[in-house]
Amino acid sequence: MHTEEVQRQLRHLTDRAEITDLLNRYLRSLDHGVLDDEWARAFHTEDVTAEMPVGTVHGRDAVLDRVRRGMALFDRTVHFGTNDVIDIDGDRAAVRGAQLSTHVLADGSDDVFVSAGHTETELVRTADGWRISATALRIVWTRGNPPRLPAEFAPAAV
């Protein structure tokens, strides 16, 4: 095997590991609740678009606001991501996967709401490493009662 081919394969494997790590750290970060500007920069490009069950938003600040307000509806959460299929093309990547999310409502009821769906994530390589440039979570099924959304939490348009 030629040195060039070994370097190409090593780059591909390194990219896959970095992308997998970023997506795993993102899901774990939702469960720890430190959602600030540093969090947003660590995971998203400035012009990110995020399609979430509570609406689609555009821009890193809008994603931060929507995630922060959405996670405030829950007292405790556990998010699982799995079955990622990663396609890398130079400095861009597309990931399709599955997500299972368990939420304990913050309304004092201690009720549990579970959702499962498919994820589609686009990433770009930046000077700071891989970042999410677009993401979509499409829920396939739920169990339990979802949280009651406050009126000011109406979905934002892109």
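The coordinates are above.
Residues numbered from 1 in each chain as written. Predicted model: local features only at pLDDT ≥ 70, side-chain atom pairs only at ≥ 80, totals over all residues. Heavy atoms only, no water.

For this particular structure, what's the right way to read the pattern of salt bridges?
Where charged atoms from two side chains of opposite charge come close, those side chains can pair. Applying the stated criterion to the full structure yields 11 salt bridges. Among the salt bridges present, the one from Asp15 reaches Arg125, with a minimum N-O distance of 2.8 Å. Linking Asp15 in helix α1 (residues 3-32) with Arg125 in strand β5 (residues 112-126), this pair joins segments that are 110 residues apart in sequence. Overall, Asp15 belongs to the buried group, its relative accessible area being 3%. The exposure class assigned to Arg125 is partly exposed, which follows from its relative accessible area of 22%. Linking Glu51 and Arg138 is a salt bridge whose minimum nitrogen-to-oxygen distance equals 3.0 Å. Of this pair, Glu51 sits in strand β1 (residues 44-52) while Arg138 sits in strand β6 (residues 129-143), and the two are 87 residues apart along the sequence. Residue class for Arg138 comes out partly exposed when judged on its relative accessible area of 37%. If you follow the salt bridges from partner to partner, you end up with Arg11, Asp15, Asp91 and Arg125 in one network. (Salt bridge = Lys/Arg side-chain N within 4 Å of Asp/Glu carboxyl O. Helix = DSSP H or I, 4+ residues; strand = E, 2+ residues; numbered from the N terminus. Buried < 20%, exposed > 50% of the residue type's maximum accessible area, 1.4 Å probe, protein only.)

Just to check I follow, could you spell out the pairing of strand β3 (residues 74-89) for this structure?
Taken residue by residue, a regular strand's side chains alternate between the two faces of the sheet. Note: β3 against strand β4 (residues 92-105), 13 bridges, orientation antiparallel. When the bridges of β4 are listed, Val85 appears paired with Arg96. Hairpin connection between β3 and β4: a loop of two residues separates the two successive antiparallel strands, and Gly90 in this loop has a positive phi of roughly 65 degrees. (Pairing = 2+ DSSP bridges.)

In this structure, what is going on with unusual backbone geometry? I would like to understand it.
For Asn83, which is not a glycine, the phi torsion comes out positive at approximately 55 degrees. Positionally, Asn83 belongs in strand β3. Overall, the relative accessible area of 57% leaves Asn83 in the exposed class. The backbone phi angle of Asp110 is positive, close to 65 degrees, even though this residue is not glycine. Its place among the elements puts Asp110 in the loop between β4 and β5. Residue classification places Asp110 among the partly exposed positions, given a relative accessible area of 49%.

Please explain the pairing of β4 as it appears in this structure.
Where β4 lies against β5, 13 bridges are found, and the strand directions are antiparallel. Across the sheet, residue Ala98 finds its bridge partner in β5, namely His118. Linking β4 to β5, which pair antiparallel, is a turn of six residues; within it Gly108 sits at a positive phi near 90 degrees.

Before we go on, may I ask you to explain the nonpolar core in this structure?
Soluble globular proteins tend to pack their nonpolar side chains together in the buried interior. Counting residues in each nonpolar core, the largest one holds 25 residues, and the members touching the most others are Ile19, Tyr26, Leu30, Trp39, Val67 and Leu123. With six residues, α1 is the largest single contributor of residues to this core. Apart from residues lying up to four places away in sequence, Ile19 is in contact with Ile86, Ile88, Ala93, Val95, Leu123 and Trp130. (Core = buried A, V, L, I, M, F, W, Y, C linked by side-chain atoms within 4.5 Å. Contact = heavy atoms within 4.5 Å.)

Explain the sheet that holds β6 here, please?
Consider a sheet: its strands pair through backbone hydrogen bonds, and that pairing is either parallel or antiparallel. The strand order across the open sheet formed by six strands is β2-β1-β6-β5-β4-β3, and the pairing between neighbours is mixed. Strands with a single pairing partner mark the edges of an open sheet, and in this sheet they are β2 (55-58) and β3. When the angles between neighbouring strand axes are averaged without regard to direction, this sheet yields 15 degrees. Each of β1, β2 and β3 touches helix α3 (residues 60-71); the most contacted strand, β1, lies at about 45 degrees to it. (Axes fitted to C-alpha atoms, helices over the stretch in contact; angles between N-to-C directions.)

No statement about biological role is implied by the geometric values presented.
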